[in-house]
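# Geometric and topological summary
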Amino acid sequence: MKVIRILGKSFINACKSLVRNLSLSLASITCTIITLILVSIGLLISYNIREITKNIEKELTVVIFMTKDATSEEVIKTKSDLEKIDNVEKVIFTSKDDVKDRFKNDEKWTSIISTLNEDDNPFQDSFEVVVKNVRDINETVTTIKNMDKIDTVKYGENSVNEIVSIFDTIKTGTIVLVGGLVLVTAFLITNTIKITIFSRRKEIDIMRLVGTSNTVIKLPYLTEGLLIGILGSIIPILFTIFGYTLIYSKFSSMTVSNIIGVITLASPEGIIYIASLFLLMLGALTGMFASGIAVRKYLKV
Amino acid sequence: MIQVLIRVSRRANDLYGIKEILKKYFFLCYNNYYKGGSLMEFIELKDVYKVYKNGVTGLAGVNLKIKKKDFVFIIGHTASGKSTLIKLLYREERPTKGNVSVGGIDVARLRNSKVYKLRRKIGIVFQDYKLLPKLTVYENVAYPLDSYGISSKEIRPKVLAALEQVGLSDKTRSFPHELSGGEQQRVCIARAIANNPKLLLCDEPTGNLDPDTSKEIMDVIEKINKELGTTVVMATHDKDIVNRMKKRVVVIKDGLVDGDYLKGSYKVNESD
């Protein structure tokens, strides 16, 4: 009962103080809002990058070209050998005749293909291999390369690595920016609480002298920081939930995403609620941490 | 089976009772012999030195014992060390050397986080009243109790009793700025005694008041001392009051006890 009374009073005092120093409180809340919106953007970008990377990895296939002199028996043997490899998920075979037919039917290539003899075929038999685990792709490729009658093995290792490294840079950049902003926000909240403490110095002094416990003296200031953090996280949370859902619905209706294929936005359900919870926690913790610093530094009891 | 259980529980209860009695006994012994004070010595200062960070000496080896229910004046010139002494008693300052004990609490070794426990047993009256301007008289007196987490129901009778004691029952709804200096000081006294403290420390309580009002305030404090049995330690340089009240007087000079006079044996001369 006593604890509830003390907590209730701290809460009321914190609210009063927020209103009393309205301009400063608003500044702190605004700063928290901006920071948390950026945190939210950072989170959404990171999440999407992860999802896109996953998609790219899923789409990643190894293309194997057999040597031209490979006989049909050898092709069949290679296929079964490929299927035996642990990391191989699926093997799709395309014969050189199929490729020739495909080109023959393509208007652009018809004239060139028609110059060839019926028996001539410049193409090679090929396999498309989907791997189970992209991380082990290099080992799998080495195994395939060592097999007989294999001409070339191609997979988009360079482009994938490039994309992933760009994404990593974006991620690191976002983390650094957000980290810096969290610090700035914490500093601003510390300052707000400091001013509250100074403006109530007389009252604190009296509280100390009449035997109020340190916890009870400090609690309203910690609550105030917490409140600033929580109030500052409301708009970013709304932004995350509604903003992202809106962007997602707009983006997915555009044809662009279909062309690019793997680069589509991740569905909102998977991220927005967790992100919102994270923003709330981050806001509250930053507020508490900042006011904790102010109380430690300026509130000598 | 049930009877056995009852017997066992009774036995346990007896043992618990004995344990409590032993605890109390040892506590008394501990207070008596190890903390170096008899039960009658409510306040004890042993070889107390206080040197401030800037090198100024507040106290230079003070020894003083004050019994329960005593009324003691601490007098001396400005910067003689009397305020330092009062501050040591409510642990606003820590002694540089020596022991300070108040009601069995070793004040010098009291941790910062536990100071509030000492202050809840002490009432303090200040020269500048230290009232909160935005709170009414009632709220000002209730303020400390409220901050201890006591319920409003329990606070009310205590506050009203304290206000009656100082004769301000009709001013509960006034704000400090609507009161005279003497009335404000009475509110401060009411706040100090609302929690029934064992000790009332007064640091120049009449410093800002005219002689007549000072007399009124002193009457109130004397009444508290007599009726409630509260020990009173008062730092003052108001000669008239000291002469008139005829209480024990401790003279502090240059941070040392220059004289300790029993009730009525001290007379301040005009030249002092």
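Here's what I pulled together on the structure shown here. (Residues numbered from 1 in each chain as written. Chains lettered and ligands numbered in written order. Predicted model: local features only at pLDDT ≥ 70, side-chain atom pairs only at ≥ 80, totals over all residues. Heavy atoms only, no water.)

This paragraph deals with the interface of chain B and chain A. Facing 22 residues of chain B, the contacting portion of chain A comprises 18 residues. When chain B packs against chain A, the two sides together hide about 1,800 Å² of surface, and 53% of this comes from carbon and sulfur. Summed over the three residues of chain B that lose the most area to chain A, namely B:Arg119, B:Tyr143 and B:Ser147, the buried surface amounts to 26% of that side. Linking chain B with chain A are 2 salt bridges, by the criterion used here. Residues A:Lys9 and B:Asp146 are paired through a salt bridge, measuring 2.5 Å at the closest nitrogen-oxygen approach. The interface formed by chain B and chain A contains 9 residue pairs in polar contact (both at pLDDT 80 or more). At the level of elements, helix H3 (115–119) and helix H4 (137–147) of chain B are the ones that each hand at least two residues to the side of chain B that touches chain A. For the side of chain B that touches chain A, the leading source of residues is H4(B), giving 4 residues. A per-class count over the side of chain B that touches chain A returns 11 nonpolar, 5 polar and 6 charged. (Contact = heavy atoms within 4.5 Å. Buried area = accessible area lost by both parts, 1.4 Å probe. Salt bridge = Lys/Arg side-chain N within 4 Å of Asp/Glu carboxyl O. Polar contact = N/O pair within 3.5 Å; in protein donor to acceptor, adjacent residues only side chain to side chain. Helix = DSSP H or I, 4+ residues; strand = E, 2+ residues; numbered from the N terminus. Nonpolar A, V, L, I, M, F, W, Y, C, P; charged D, E, K, R; others polar.)

Within the structure shown, the criterion is met by 3 aromatic pairs over all chains. Geometrically, the ring pair formed by A:Phe103 and A:Phe123 is stacked, given 4.9 Å between the ring centres and 15 degrees between the ring planes. One end of the pair, A:Phe103, is in helix H4 (residues 96–105); the other, A:Phe123, is in the loop between helix H5 (107–114) and strand E3 (126–131), with 20 residues separating them in the sequence. Take A:Phe103: its relative accessible area is 24%, and that puts it in the partly exposed class. Relative to B:Phe73, the ring of B:Phe71 lies with its centre 5.3 Å away and its plane at 55 degrees, an arrangement referred to as tilted. One residue, B:Arg120, lies across the ring of B:Tyr148, its end atom 4.1 Å from the ring centre. (Phe/Tyr/Trp six-rings, centres within 6.5 Å; stacked < 30°, edge-to-face > 60°. Buried < 20%, exposed > 50% of the residue type's maximum accessible area, 1.4 Å probe, protein only. Lys NZ or Arg CZ within 6 Å of the ring centre and 35° of its normal.)

What follows concerns a nonpolar patch on the surface. Residue and element names in this part refer to chain A. The grouping of Ile41, Ile45, Ile166, Ile170 and Phe239 at the surface amounts to a nonpolar patch, some 370 Å² of accessible area in total. Put simply, the parts of the chain that give the nonpolar patch at least two residues each are helix H2 (22–59) and helix H7 (157–199). With respect to the secondary-structure elements, Ile41 resides in helix H2. (Patch = residues over 30% accessible without salt bridge, like charges linked within 9 Å, V, L, I, M, F, W, Y side chains within 5 Å. Areas by Shrake-Rupley, 256 points an atom, 1.4 Å probe, with all protein chains shown as cover.)

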